[in-house]
Each structure stands twice: as structure tokens, then as C-alpha cells.
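Inside the fold
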Amino acid sequence: MPVTEETERLRELVEGARFVLFDFDGPICRLFALHPAAEVARAMKQWLHEQGLSLPPDGEESARSDPQVVLRTVHRRHPGSDLVTELEEVLTQHELRAVPSAMPTPYADPLIRTWTARGTRLAITTDNSSRTASAYLAGRGLAGCFAPHIYGRTHELHRMKPDPYPLNRALRAMGAASGSTVMIGDAPADLCAARQAGVPFLGYARNDEKEARLREEGAEVVVRSLEPVLGILRR
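Below is a summary of the structure that appears in this document. This one's a predicted model, so the numbers in the text were calculated from it and none came from an experiment.

1. So, unusual backbone geometry
Cis peptide bonds are those with omega within 30 degrees of zero, and the linkage from A147 to P148 qualifies with 5°. Summarising the element assignment, P148 is placed in the loop between α8 (143-146) and β5 (150-151). A cis amide bond, omega 20°, links K161 with the succeeding residue P162. Within the element layout of this structure, P162 appears in the loop between β5 and α9 (165-174). Residues other than glycine seldom take positive phi values, yet Y107 does so here, at roughly 75°. Within the secondary structure, Y107 is located in the loop between β3 (103-104) and α6 (108-117).

Spelled out as C-alpha cells, the structure:
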């Protein structure tokens, strides 16, 4: 898509949004900026080892640096078990410890406040714990922009994105029409969930790799900064 056409599409998305669904880790902050995700993944695997379990060989490579992959892998082997519930809580505790050192995404705070001031209703739809997102937003003075619409990981891990479940929860709770809603996410799973929910998607990519992954999955509008989104609202 030519830059001018994509710029116009971005303007249409932003100006037409009556409801906005934000992914949390990425578009709003870098949760594990100073609390590396790889260390969290190692801690989770160590916890599993202490329970007498280990990840299957095919899960080791992708689980090296992604705690969500560790959790999903164990869930596939032991769905609905107490083990998965306990491991999910282990991850949640690591997320909560990461909140104080999370790095705000540039322009995210003023974007959230500006959209709220315009009367747009916002929600969080994330695979992180809702407790984590709530704690971060409270610390930034942004909780009121979203509450009570913060939809995070549940014990039904098969409903994490790319399943549209968290997006559909938000849409139903807010009485939002999918066509007047925009999802802002930074991963292919966000894009897939938005497609299944019928929600237009705005990709956020902080680096070349993330942009390439979104483009490869068919994302039509991707921004490398939230500044142009804020600029459209302010104009």
C-alpha cells in the first residue's frame, strides 16, 4: 500500500473509532524492559523442574525467551490442571514484579488521555494478567480511562489470542459495534484475533522485525510510533 494511501487509511481508522481496544505489553508499555522475559521463562521452567516436570523438546526453543510460550506449552500437556493454574500464578507474580520498571511506550499516555477526553471508550485486551495491566495503569494515573474494561488472561488459556475471546468480551461489555472499533496491537496474534472479531486493526511496531511480522500476516496499517495517531486526534 503506498504511503499516502496508508496515511489516509490511518486517519480513517483513528477518526472513525468510537471504541479502542489496546493490547497491553507493546502498545502501552514494555512490561519486561528491565525485568527480562527470558529470565521469567527460565524461572518458570525451574519451577516446573521443582515439580518434577520439564517442557517437551519441541517447546524448548520457542520457550527460551517467552514466558507465554512456557505457559501455553504446559497447558497443552495438562489442560485444566492445578499445575497450569499454579504456573499461571507464577507468571502473574513475575509480571507484577515487572510493573515498577515497565517502560511506557512513547506517546501512549497522552494518546490514551486524549482519546478519553474526546469521549472514545477504551478497553484493554491482553494475554497478560488483568491484575498486571490494572497495576500499571493505576501507577500511571490511567486506570480511569479503561476501568472496568480490562480483559486479561483467564484460566481458560485456550482462549488467549489469537482466539478473539478477550476482544469479544470487551465488545459485549461496552455495547460496541465491531465496525466502529479499532484494535491496536503489536503481534500477529493480535491481528488474527481482530480479524476473527471483525474489528479493524492498527499495528504498532517498535522495530523492523515486529513491523515485518505484522506486514507478512497482512496488516495494512502499521505505525512505528504512536505520535501520528496522537497528531490526528489533536488536529
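2. Describing the nonpolar core
Among the nonpolar cores identified, the biggest contains 55 residues, and F22, I28, L87, W115, I124, F146 and L202 are the most heavily contacted of them. Residue contacts for I124: discarding those within four places in its chain leaves F22, F24, I28, A133, L137, F146, H149, I150 and Y151. Ranked by size, the runner-up nonpolar core spans 20 residues in total, among them A170, L171, M183 and A205.

3. Let's talk about the layout of surface pockets
Here the largest pocket defines a volume of roughly 990 Å³. Elements that contribute at least two residues to the lining of the largest pocket include exactly α2 (37-50), α4 (67-77), α5 (82-98), α10 (188-197) and α11 (208-216). A total of 4 residues in the lining of the largest pocket trace back to one element, the largest contributor, which is α4. Within the lining of the largest pocket, the residues separate by chemical class into 12 nonpolar, 6 polar and 14 charged. When its volume is computed, the second largest pocket comes out at roughly 170 Å³. Lining the second largest pocket are R9, L13, L191, A194, R195, V199, P200, F201, G218, A219, E220 and V221. The set of elements that each furnish at least two residues to the lining of the second largest pocket consists of α1 (3-16) and α10. A per-element tally of the lining of the second largest pocket places α10 first, with 3 residues. Class assignment for the residues of the lining of the second largest pocket results in 8 nonpolar, 1 polar and 3 charged.

4. Quick look at α10
Within the span of α10, buried status applies to P188, D190, L191, A193, A194 and A197. Buried residues belonging to α10 abut α9, β6 (181-185), β7 (201-204) and α11. Downstream of α10 by a residue or two, G198 has a phi angle that is positive, lying close to 75°.

5. Examining the sheet that holds strand β4 (residues 121-125)
In space, the 6 strands of this open sheet follow the order β5-β4-β1-β6-β7-β8, with parallel pairing throughout. The open sheet terminates on both sides in strands that have one partner only, identified here as β5 and β8 (222-223). Bridge analysis of strand β1 (residues 19-22) against β6 gives 4 bridges, and the strand direction is parallel. Directly across from F19, in β6, lies its bridge partner T181. Each of β1, β4 and β6 is contacted by α6, which is oriented at about 155° to β1, the strand it contacts most.

6. Some details on the packing of α5 against helix α7 (residues 130-139)
For the pair α5 and α7, interaxial distance at closest approach is 9 Å and the crossing angle is 10°. The pairing of α5 with α7 is recorded here as roughly parallel in orientation. On α7, the residues that touch E89, T92, Q93, E95 and L96 of α5 are R131, T132 and A135.

7. Points about the packing of aromatic side chains
Under the defined criterion, the tally for this structure stands at 3 aromatic pairs. With a centroid separation of 6.2 Å and 85° between ring planes, the pair formed by F22 and W115 is classed as edge-to-face. A residue pair is termed long-range when its members are at least 10 positions apart, and F22 in strand β1 and W115 in helix α6 qualify at 93 residues. Pairing F24 with Y136 gives two aromatic rings, centres 5.6 Å apart and planes at 70°, and the pair type is edge-to-face. Highlighted residues: F24 in the loop between β1 and β2 (29-30) and Y136 in helix α7, separated in sequence by 112 residues. Just as F24 is buried, Y136 falls in that class too. Following the ring pairs from residue to residue traces out a cluster consisting of F22, W115 and F146.

Analysis parameters
- Residues numbered from 1 in each chain as written.
- Predicted model: local features only at pLDDT ≥ 70, side-chain atom pairs only at ≥ 80, totals over all residues.
- Heavy atoms only, no water.
- Helix = DSSP H or I, 4+ residues; strand = E, 2+ residues; numbered from the N terminus.
- Core = buried A, V, L, I, M, F, W, Y, C linked by side-chain atoms within 4.5 Å.
- Buried < 20%, exposed > 50% of the residue type's maximum accessible area, 1.4 Å probe, protein only.
- Contact = heavy atoms within 4.5 Å.
- 1 Å grid on protein atoms, 1.4 Å probe; cavity = no way out; pocket = protein on both sides within 12 Å on 5 of 7 lines; lining within 4 Å.
- Points joined across faces, edges and corners; volume = space filled by probe spheres on them.
- Nonpolar A, V, L, I, M, F, W, Y, C, P; charged D, E, K, R; others polar.
- Pairing = 2+ DSSP bridges.
- Axes fitted to C-alpha atoms, helices over the stretch in contact; angles between N-to-C directions.
- Parallel < 35°, antiparallel > 145°, perpendicular 65-115°, else oblique.
- Phe/Tyr/Trp six-rings, centres within 6.5 Å; stacked < 30°, edge-to-face > 60°.

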